[in-house]
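Letter by letter, the chains look like this.
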Amino acid sequence: MLAAASATLAATLVAAAGAPAPPLAGLVVNVDPGHNPGNASHPAQVNRIVERGPIRKACDTTGTATNGGYPEWRFTGLLATRLARRLRAQGATVTFTRANGRPAWGPCITGRAAIGNRADVSISLHADGAPAGARGFHVIRPAFVRGWTGDITRRSTTLAVQVRNGLRALRGGIPPSTYAGRDGIDVRADLGGLTLSDVPKVMVEHGNMRNAADARLLTSPAEQERLAAALTGAIVRWRVAEGRD
Ligand code: ZN
């Protein structure tokens, strides 16, 4: 019995020493759920214009909703929780721009970017409010803005491609957008959360909440879990690709 126990212990020690680190070990991922349930009751704070560099915009917005009244902030908050659980399971440290009702509104786009800048990579979660006949997801990456995004455009583009690939691969899921960007990827210079980022970042519009087919998927807990898995896989592949450079 003693010999068997020792052999088991030895095997355990070997396994522990030889176990590869999880794929996201050592990586800090900022998860930025768009909007805030408190924004509607704080119009003065949320509508205030914030300025930084080339960006001059409202602090934040209330976001959109499905025709049935399911708000975007609920979708982004639930998806953020699911995503964080999966990222941590892969070894990542996760930070949020908002969680568990805090802060009570916002943060402003400038604050969201600042929180993201303390991580290694950041991902903003949204869903869109486009005309009902339009559907699909699009991943927004930062455009080149001289003096602001030159340091993050290449790595953000790699991230955008991986996220697009992951979402597009979901069988029966929301297809690439019929109305924004190209092949599920859009490029924008006017979004503070992207232009003010110092770390690779993308903003994902997961679908059109005003489209019935997209809304049915976006509000489904099972689909939210599939989206979280796809985003996690994309971040793992992005990190592997980064390591090859
Ligand atoms: Zn949004």
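Residues numbered from 1 in each chain as written. Predicted model: local features only at pLDDT ≥ 70, side-chain atom pairs only at ≥ 80, totals over all residues. Heavy atoms only, no water.

## A few points about unusual backbone geometry
Trans peptide bonds make up most of the peptide bonds, and negative phi angles are found at most residues other than glycine. In this structure, the amide linkage connecting Arg-102 to the following residue, Pro-103, adopts the cis form with an omega of -10 degrees. In this structure, the amide linkage connecting Gly-106 to the following residue, Pro-107, adopts the cis form with an omega of -5 degrees. Structurally, the position occupied by Pro-107 is in the loop between β4 (93-96) and α4 (109-116). Phi is positive for Asn-100, close to 55 degrees, though the residue is something other than glycine. Structurally, Asn-100 can be placed in the loop between β4 and α4. (Helix = DSSP H or I, 4+ residues; strand = E, 2+ residues; numbered from the N terminus.)

## Quick notes on helix α3 (residues 72-89)
The end-to-end C-alpha distance of α3, which contains 18 residues, comes to 26 Å, matching closely the 26 Å that a straight helix rising 1.5 Å per residue would cover. Turning to α3, its buried residues number three or more, namely Glu-72, Phe-75, Thr-76, Gly-77, Leu-79, Ala-80, Arg-82, Leu-83, Ala-84 and Leu-87. Positive phi shows up at Gly-91, right after α3, with a value of about 100 degrees. (Expected span 1.5 Å × (residues − 1). Buried < 20%, exposed > 50% of the residue type's maximum accessible area, 1.4 Å probe, protein only.)

## With respect to the coordination of the zinc ion
Donor atoms from the polypeptide that bind the zinc ion are His-35 (NE2), Glu-72 (OE) and His-126 (ND1), placed at 2.0 to 2.1 Å. Each donor residue of the zinc ion lies on one chain, and together they are spaced H-x36-E-x53-H. Here Glu-72, found in helix α3, pairs with His-126, found in strand β5 (residues 121-128); they are 54 residues apart in sequence, far enough to count as distant. (Donors = N, O, S within 2.8 Å, 3.2 Å for Na, K, Ca; no water.)

## A few points about α4
Ile-109, Arg-112, Ala-113 and Gly-116 are the residues of α4 that are buried. When α4 is viewed along its axis, its buried side chains cluster within an angular range of 95 degrees and face the same direction. Those residues of α4 that are buried lie in contact with β1 (28-33), β2 (49-52), β3 (55-58), β5, α6 (192-195) and β8 (201-208). (Arc of directions from axis to C-beta. Contact = heavy atoms within 4.5 Å.)

## Examining the side chain of Thr-153
Tracing the chain through its elements places Thr-153 in helix α5 (residues 153-168). For Thr-153, a relative accessible area of 15% gives the class buried. Excluding residues within four positions of it along the chain, Thr-153 makes contact with Pro-142, Ala-143 and Phe-144.

## Points about the environment of Ala-189
Within the fold, Ala-189 resides in the loop between β7 (185-188) and α6. We classify Ala-189 as partly exposed; its relative accessible area is 41%. Placed 146 residues apart in sequence, Ala-189 and Pro-43 show a C-alpha to C-alpha distance of 25 Å.

## A word on the pairing of β8
Summarising burial for β8: 8 of the 8 residues are buried, a large majority. Taken together, the 6 bridges between β5 and β8 define a ladder with parallel strand orientation. Considered in β8, the bridge of Leu-125 is made with Val-204. For strand β6 (residues 138-142) and β8, the ladder comprises 3 bridges, and the chain directions are antiparallel. Counted as the bridge partner of Ile-140 is Met-203 from β8. (Pairing = 2+ DSSP bridges.)

## Observations regarding the packing of aromatic side chains
All told, the structure shown has 0 aromatic pairs when counted by the stated rule. If you follow Arg-74 out to its NZ or CZ, it ends over the ring of Tyr-70, 5.8 Å from the centre. (Phe/Tyr/Trp six-rings, centres within 6.5 Å; stacked < 30°, edge-to-face > 60°. Lys NZ or Arg CZ within 6 Å of the ring centre and 35° of its normal.)

## Re the sheet that holds β4
Strand order in this open sheet of 6 strands is β4-β1-β5-β8-β6-β7, and the pairing throughout is mixed. Of all the strands in the sheet, just β4 and β7 have a single pairing partner and so form its edges. Within this sheet the neighbouring strands show an average axis-to-axis angle of 25 degrees, counted without direction. Pairing of β1 with β5 involves 5 bridges; the strand directions are parallel. Counted as the bridge partner of Pro-33 is Leu-125 from β5. Each of β1, β4, β5 and β8 touches α3; the most contacted strand, β5, lies at about 145 degrees to it. Sheet contacts for α4: β1, β4, β5 and β8; angle to β1, the most-contacted strand, approximately 160 degrees. (Axes fitted to C-alpha atoms, helices over the stretch in contact; angles between N-to-C directions.)

## Considerations on the state of the cysteines
Summed over all chains, the structure comprises 1 disulfide. There is a disulfide in this structure between Cys-59 and Cys-108, and the S-S distance comes to 2.2 Å. Disulfide Cys-59 to Cys-108: torsion about the S-S bond roughly -95 degrees, handedness left-handed. Placement of the pair is Cys-59 in the loop between β3 and α3 and Cys-108 in the loop between β4 and α4, with a sequence separation of 49 residues. On the accessibility criterion, Cys-108 (10% relative accessible area) is buried. (Disulfide = S-S within 2.5 Å.)

Don't take any of this as a statement about function, it's just geometry.
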